[in-house]
Amino acid sequence: MATNKIKVDALVVGGGISGMQTALDLADQGYQVALVEKEASIGGKMIALSKVFPTLDCCSCITTPKMSAVAHQENITLLTYCEVDHIKQNGKGFIVGATNKPRYVDMDLCTGCRQCEYVCPVDLKNPFDNNLGAIRAIRVPFSTAVPQKVVLDIDNCILCGKCQTACAVDAIDFTQQPEEIMIETDSILLATGFEVTPKDAKKEYGNGKLLNVIDGLDMERLLAPTGPYGHVLRPSDGKEPDSIAYVQCAGSRDETLGVEYCSRVCCMYAIKQAMLLSGALPLADITIYYMDIRAFGKGYEQFYQNAKAMGIQFIKGKVAKIKEDENQNPVFRVEMVDEGGSVVEHTHDLAVLSVGMLPSFDPTPIFNVPNDTDGFIMTPDQNFSASLTMIPGIFAAGAATGPMDIVDSIMTAGSAASAASAYIKSQQNGKEESSSKIADLQKESQHA
Amino acid sequence: MPEKKDLQKDNEDIRIGVYTCYCGGNISDIVDCEKVRELTETLPNVVVSRTDMSMCSDAGQAMIEEDIRKHGVNRVVIGACAPSLHEQTFRGAVARAGLNPFLYYHVGIREQDSWVHHGNHEAATEKAIVLMNSGLAKARLLKPLKPIKLTAQKHALVIGGGVAGLRSAWDIANQDIKVTLVEKSPFLGGRMAQLETVFPTNKPARDSLHELIEKVIDHPSITIHTQAEVKSMSGYIGDFNIKIEQISRGVSSELADQEAVIDSCPVEVSDEFNYGLKTRKAIYQAYPGNFPSTLAIDWENCTLCGKCEKVNSSGIDLKKKSEIIDVNVGAVVVATGFKPYEPRQGEYGYGDFKEVITLPQMIRLLALNGKDKALMFKGRTVRNIGLIHCVGSRHVPGIHEPQEDGKVNDYCSRVCCTATLHMTNDIRQHYPDVNMYDVYEDIRTYGRNHEEYYKQASENLVRFVRFQAAEGPQVFASENGNDQPLVIKTKDYLTAGLDIEIPVDLVVLSVGFMPNPIEELTKILKINPGNDRFLQEVHPKLRPVETAVSGIILAGTAQGPMNIQESVTAASAAASKVSVLLGQGQVELEPFVADVDHDKCNGSGECVQVCPYEDAISLEEVTINGKVCKRAVVIPANCVGCGSCVSACPNRAIDIQGWTLGQYESMVDAIAEGMLALEVSA
Amino acid sequence: MKDPEAKPKILILATLSGGYAGADSVGQLHINYAPNVYVLPVICPSMFAEDFYLRAFDKGIDAIVVMYSGTDCPYIGGAERTAQIINKTYPLMKERGIDTRRLRLVAICTVCTNPFLKEVNIANDLLQEIGSVTNEISVPA
């Protein structure tokens, strides 16, 4: 296997908003940064969102320039479709082994013209649209992807060769192999983000089997201007829903799921979606069932009050169960807290689970960077160095350290960059011996 | 169209690329972008006209770059979102393709067209075309410009010695940038020093704070001035000249027998450290162990009676002195913090009943009370405490009275919920017999490990009572014969809206955050507060710690309510920004400054007279065609580009580069001509 | 060149630090207003002398609203100088028979959405009442 070696001051793991901001803050200070992203494009979860609270800016408009800046910043080496395999301590720095997964496309040749995509006969569920829309087996992951290069889903490819014929620059290579990269770095920043509560997590809410029970990310895609249908339609029959209900804390503050924490973003994204829905479907009734509305950020409470004034209904109640009636309408069994706990049934057309945030990446198999009891990366000095992990030289930013929204993620990114920068400076002022160490390690890896 | 033909002839080498962005539907749902493309394509000098789903994407930018490289496009006009969002992005793309980045003009057709004319697609399309045509008119007259490069002082000023200011200073200094830190009060530490333990770590607040303060004091690159305030600022990013007024402390650091000196002072004033629960003297320390450890004289309240001097003449100087310190810095961090909301007289009985206090006061009360004895307040044992949330926060117009400035505190203060529950756990631990009633609207324990406090509070049998904003709780004096002096009356929505009465010994108001009063400072720095009175960032996601004035950066609660973790994180993020700005020792400024055409200038000096800036423009002797004559000369670094000189010049000899009169006139013409002219020409 | 059927045109000169951002704020709120309004960004309107406005009217602009930053003007004396120039423009407009209400100076901040909309309405109401500037200028430039 061919091995490329690069040497940087900082390795950022994760190309979502936190990772991009961390990388930019370091690179803009003159540091050499490698950014590793496991997906074929950077952008993370944020690029798939519709609009962002509380400004209702188009999300893509905020994310794409950052993605572009990362791609164009000379001090950043961008490694997409790449995963970190192992980390070894190297003095006070690290040697990181990563694998460039085969895209089956030559990155240097591909122009992103998408001709291959147009001729590909295989239609698959589009992961970027949360599997709601369709995508080809060979494709640019999404319209604003960075880099604008295609990637081939080999598991679903039928090897018909049409893409190869269509490609004007001979970029398609079915024989491509994984490529190992060795990254020598003084510091590591984990910006590995989050996943959301799986739809089938709660059997009370239909175990993921009820068609008209979707989650917040599904709704983001339905609302996005680049979304799969261009309209908000309910999955069972493609009708515009007249009555949409949100279930808050569907996966957070829930001991039965082992998730006792608050996911911080669900209240605000539900309110935001409700506002966007009342624009998209002016006649629809929108209800949010909640326990506490946590609109705590700058401008958030005002946003919440605006939503109330717009006629969105907020009901303090626990949704105990969702079942289906004969028309596949979700029927909610709700304990109405504000009415002394009386239990009522409400039927809606579409249910949206305000799913919570779960840890996405567990570094412990790769290196001993411990997690906290909540599963997110442990940051022992939460008040004074919230980006510091248990390992000197390894920092964490964004939702890798617990649920947080975009604004807070960007703040932690700046703070992690500051901490890493201080670490790199102190390192580089005080050591010269690292080159011999890397030689040793390289010998080791040759033997292996 | 004779005018247009001439234009084309005069500018044969002008080759314009026109780009109209769909903005993922944000624009194209309303504006017929293809029509914009078709029409602009026919206009003079236009070489290519294109649309894209998202012009700011890498692909969109690559398309523009390719047109510049392959089709010889040498002027770029982009119609997209507001220029404030993406002007820099596209300048970058233009520059990467080898074209001067100022040969590009950005037309806002989202915020100022598709988003405000959604009722009328045709008119919106027409307007987009006219706006793009006016952009084209300007583009024909664009000239290449070079950014002004200035040496940046590797020195930052941090205003505020609370935890955010201290942390910013420390982080900046660690990037090899010098720091001057000014603190208005005589002591460092800010609001955090007034806390006992902090959530979510439950660590003693002052231990961690003091550790940071000691590191800051010991750092060789940090200079600290207490009792100091910024009095004036001039200059620009990279090179601000700041005057700091420092008031003398009146007490020498060598002063021995501090206690005897304090005892000798006859003045008693309310002790702000304990939020008025105690008094202090006019020569004082904030708290034992504070930094700096030297006592300070409270000049506002000192009567200059001289009694302290009699105890110790050598260490005290009762002559108040003020000194002006000049610093030359590249960036300024504003970390001026917050003050707790002060309830109005009568708000939940505050001021009417002595047993109504605020959360910060309660925290001090617990500290002063000591842990090994019963909880006492004003001589009475406290057995029942009522806690009321959202005091001074989440106010709703029409329900809550506006503040003195006419504004309604409609924001959430973010910290009070967890702070209150954190305190109830403390109380339960040390005073197991006290009953607590938590009267709330929503419990917002959002942070990592914060939910734990909510859970603990429930386990600790804190009784929760939920109100709704329109029917908030009220505090009354108890009827005679009742054991408790006060009663809280409210509807409880956890029990179906039952009217309940809670007799209590003490009411604690969970007050929100207000920014510290810094009107003077904001005027000096020319930065603006937002509607909530906290300082306003440029954009919460794109530029979250920057203000509208380049080089002036926000840190901590001056920007909005934050807990300690968030303040420290924000402070570090601010430091990162300062390091990005100053770390390279050079700052680039936009080249939009005055430029004099010496052929047209006749040395009238009108511009020099009207210019309000020092050393920005002056009459100098220059040699033109062998003749020595007086002409106006601009010093770009001192020119802000306001353009006063442009209108003053009798000869139209001055222009602001990039925003010339000629460009404006051509844009106005394009707007005046409107669609009709375009359709005729097409 | 002038189209007798043309809809009245309102030119807004708006400061980047004030009115232009204010107009963007209106956009962010998606509030509809009349489309005959064209906003040009300016650093500070103190750069325009009296003849700039007269010329614009000559060219067929029916109303001009100068949205400066007022007391929030980031430039020393910029607001005062702008006000002086506008005041000196009024008598010159009168001389030419142009209704002086066609030129207005107002302070608009970055979040002044309602004042922005109010100004748009005032200008449109005025043009409903007094019609196109071409009626007033006998000899177009």
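Definitions and cut-offs
Residue numbering note: each chain is counted from 1, following its sequence as written. Starting at A for chains and at 1 for ligands, labels are handed out in the order in which the entities are written. Whole-chain, interface and lining totals are the exception, using all residues; otherwise, since this is a predicted model, local features are given only for residues with pLDDT of at least 70 and side-chain atom pairs are given and counted only at 80 or more. Counting from the N terminus, the helices are the DSSP runs of H or I reaching at least four residues and the strands are the DSSP runs of E reaching at least two. Both definitions apply: the radius of gyration is a C-alpha atom measure, and the globule rule equals 2.2 Å times residues to the power 0.38. Comment: burial labels come from other C-beta atoms within 10 Å of the residue's own C-beta, placed from the backbone, where a count of 20 or more is buried, 12 or fewer is exposed, and between is partly exposed. Throughout, a pair of residues is in contact if the C-beta atoms placed from their backbones lie within 7 Å. For two strands to be treated as a pair, DSSP must find at least two bridges joining them. Each domain's extent was defined by an automatic or database domain assignment. Per-residue confidence from the predictor is reported as pLDDT, a score between 0 and 100. Put simply, a nonpolar core is a cluster of buried Ala, Val, Leu, Ile, Met, Phe, Trp, Tyr and Cys residues tied together by C-beta atoms within 7 Å. For helices, the fitted axis covers only the stretch in contact; all axes are lines through C-alpha atoms, and the angles between them, taken along N-to-C directions, range from 0 to 180 degrees. Throughout this entry, Asp, Glu, Lys and Arg are counted as charged residues, while Ala, Val, Leu, Ile, Met, Phe, Trp, Tyr, Cys and Pro are counted as nonpolar. The remaining residues, Gly among them, count as polar. Oblique is the label for any angle not under 35 degrees, not over 145, and not in the 65 to 115 range, which are roughly parallel, roughly antiparallel and roughly perpendicular in turn.

J.: Got a minute to help me understand the overall build of chain C in this structure?
T.: Each helix and strand in chain C was counted, giving four helices and four strands. Relative to the compact-globule value of 14 Å for 141 residues, chain C shows a C-alpha radius of gyration of 15 Å, a close match. Over its C-alpha atoms, taken along the principal directions, chain C stretches across nearly 40 × 35 × 25 Å. When each of the 141 residues of chain C is scored for burial, the buried share is 50%. Considering only residue pairs separated by 6 or more positions, chain C has 83% of its internal contacts joining residues 24 or more positions apart.

J.: Please clarify how the overall build of chain B should be interpreted in this entry.
T.: Broken down by element type, chain B carries 18 helices and 36 strands. Each principal axis of the C-alpha atoms in chain B carries an extent, and together these give about 95 × 70 × 40 Å. In chain B, buried positions account for 52% of the 682 residues. Considering only contacts within chain B whose residues lie at least 6 apart along the sequence, 71% involve residues at least 24 apart.

J.: Would you take a moment to explain the pairing of strand β29 (residues 506–511) of chain B for this structure?
T.: For a regular strand, side-chain orientation follows a simple rule: the groups alternate between the two sheet faces. All names here are of chain B. The element β29 is largely enclosed, with a buried count of six among its six residues. Across the two faces of β29 the burial is the same, with L506, V508 and S510 and V507, L509 and V511 all buried. As paired strands, strand β20 (residues 356–358) and β29 are joined by three bridges and run parallel to one another. Residue pairing for β29: V356 is matched across the bridge by V507. Here strand β23 (residues 384–391) runs beside β29; their pairing, made up of five bridges, is parallel. Following the sheet pairing, V391 is matched in β29 by V511.

J.: Looking at this model, I keep getting lost on the domain arrangement of chain B. Mind explaining?
T.: Splitting chain B by domain gives domain 1 (2–147), domain 2 (155–337 + 555–586) and domain 3 (339–514). Taking the mean C-alpha position of each, domain 1 of chain B and domain 3 of chain B sit 57 Å from one another.

J.: What is the right way to read the interface of chain A and chain B from this model?
T.: Quoted interface sizes are often the accessible area lost when the parts come together. In this complex, chain A contributes 62 residues to the contact, which on the side of chain B involves 63 residues. Contributions of two or more residues to the side of chain A that touches chain B are made by α2 (59–72), α7 (300–309) and α8 (406–430) of chain A. At 13 residues, the largest contribution of residues to the side of chain A that touches chain B is made by α8(A).

J.: Explain unusual backbone geometry to me, please; I cannot follow it from the model alone.
T.: All names here are of chain A. Between F53 and the following residue, P54, the backbone shows a cis peptide bond with an omega angle of -5°. With respect to the helices, strands and loops of the structure, P54 is situated in the loop between β3 (51–52) and β4 (57–58). Across the junction of V146 and P147, the peptide omega takes the value 0°, indicating a cis bond. Topologically, P147 is positioned in the loop between β10 (138–139) and β11 (151–152). Here Y104, not a glycine, exhibits a phi torsion of approximately 60°, which is positive. Looking at the element boundaries, Y104 is found in the loop between β7 (93–100) and α3 (115–119). What makes Y104 partly exposed here is the crowd of 19 C-beta atoms within 10 Å.

J.: Sorry, what's going on with the confidence of the model for chain B here?
T.: Reading predicted coordinates in detail is not appropriate for stretches of low pLDDT. When the pLDDT values of chain B are averaged, the result is 93; 97% of them are 70 or greater. A low-confidence stretch, residues 1–11 of chain B (pLDDT under 50), is modelled with nine contacts involving residues beyond four sequence positions or located in other chains.

J.: Where do I start with the nonpolar core in this structure?
T.: Most often, soluble globular proteins keep nonpolar side chains buried together rather than apart. Residue and element names in this part refer to chain B. In terms of nonpolar packing, the biggest core is built from 382 residues, with A156, V332 and V333 touching the most fellow members. Setting aside its immediate chain neighbours within four residues, V332 contacts A156, L157, I159, F240, L525, G551, I552 and I553. Counting residues in each nonpolar core, the second largest holds 12 residues, with V261, Y284, L295 and V311 among its members.

J.: How should I be thinking about helix α5 (residues 216–223) of chain A in this particular structure?
T.: Because the α-helix completes a turn every 3.6 residues, residues three or four places apart line up on one side. Residue and element names in this part refer to chain A. Among the eight residues of α5, seven are classified as buried, and the element is accordingly described as predominantly covered. Looking at α5, one finds that the buried residues are G216, L217, D218, M219, E220, R221 and L222. Where α5 is buried, its residues contact β13 (194–196), β14 (213–215), α6 (266–280) and β20 (350–355).

J.: Help me understand the sheet that holds strand β1 (residues 10–15) of chain C, please; the structure alone is not making it clear to me.
T.: Two strands in a sheet stick together by hydrogen bonds in their backbones, pointing the same way (parallel) or opposite ways (antiparallel). All names here are of chain C. If you walk across this open sheet you meet the four strands as β2-β1-β3-β4, and the pairing is parallel. A strand with exactly one partner marks an edge of an open sheet, and here the two such strands are β2 (37–42) and β4 (103–107). Strand after strand, the sheet turns through a mean of 20° between neighbouring axes, direction not considered. Bridging between strand β3 (residues 63–68) and β4 involves five bridges; their strand directions are parallel. Of the residues in β4, the one forming a bridge with M67 is V106.

J.: How do you make sense of the sheet that holds strand β26 (residues 474–477) of chain B when you look at a structure like this?
T.: Residue and element names in this part refer to chain B. Pairing within the open sheet is antiparallel, and its three strands lie in the order β26-β27-β28. At either end of the open sheet lies a strand with only one pairing partner, and these are β26 and β28 (498–504). With strand direction ignored, the average angle separating the axes of adjacent strands in the sheet is 25°. Sheet analysis places strand β27 (residues 486–492) next to β28, joined by seven bridges and oriented antiparallel. By the bridge assignment for β28, D492 is matched with L498.

J.: I keep staring at the interface of chain C and chain B and nothing clicks. Help me out?
T.: Across the boundary between the two partners, chain C contributes 40 residues, which contact 44 residues of chain B. For the side of chain C that touches chain B, the secondary-structure elements that each account for two or more residues are α1 (19–28), β2, α2 (50–59) and α3 (78–95) of chain C. In terms of residue count, α1(C) provides more of the side of chain C that touches chain B than any other element does, six residues in total. Class assignment for the residues of the side of chain C that touches chain B results in 24 nonpolar, nine polar and seven charged.

J.: Sorry if this is basic, but what is going on with the packing of α1(C) against helix α4 (residues 113–130) of chain C here?
T.: Geometry of a packed helix pair, given as the angle between the helix axes and the separation of the axes. Residues and elements named next belong to chain C. Where α1 contacts α4, the two axes come as close as 9 Å, and the packing angle between them is 95°. Accordingly, the angle class assigned to the pair α1 and α4 is roughly perpendicular. Here α1 contributes G22, A23, S25 and V26 to the contact with α4, which in turn contributes T113, F116 and L117. The residue makeup of the contact of α1 with α4, split by class, is four nonpolar, three polar and no charged.

J.: Would you take a moment to explain the environment of A:E39 for this structure?
T.: Residue and element names in this part refer to chain A. With respect to the element layout, E39 can be found in the loop between β2 (33–36) and β3. Taking the C-alpha atoms as reference, E39 lies 9.1 Å from G14; in sequence the two are 25 residues apart. Among all residues touching E39, those that are not within four sequence positions of it are T80, Y81 and P141.

J.: What am I meant to see in the environment of B:V76 here?
T.: All names here are of chain B. Within the fold, V76 resides in strand β3 (residues 75–80). Judged by local crowding, V76 falls into the buried class, with 27 C-beta atoms found within 10 Å. The sequence separation of V76 and T151 amounts to 75 residues, and the corresponding C-alpha distance is 31 Å. Residues contacting V76, with those up to four places away along its chain left out, are G17, I64, V94, L103 and Y104.

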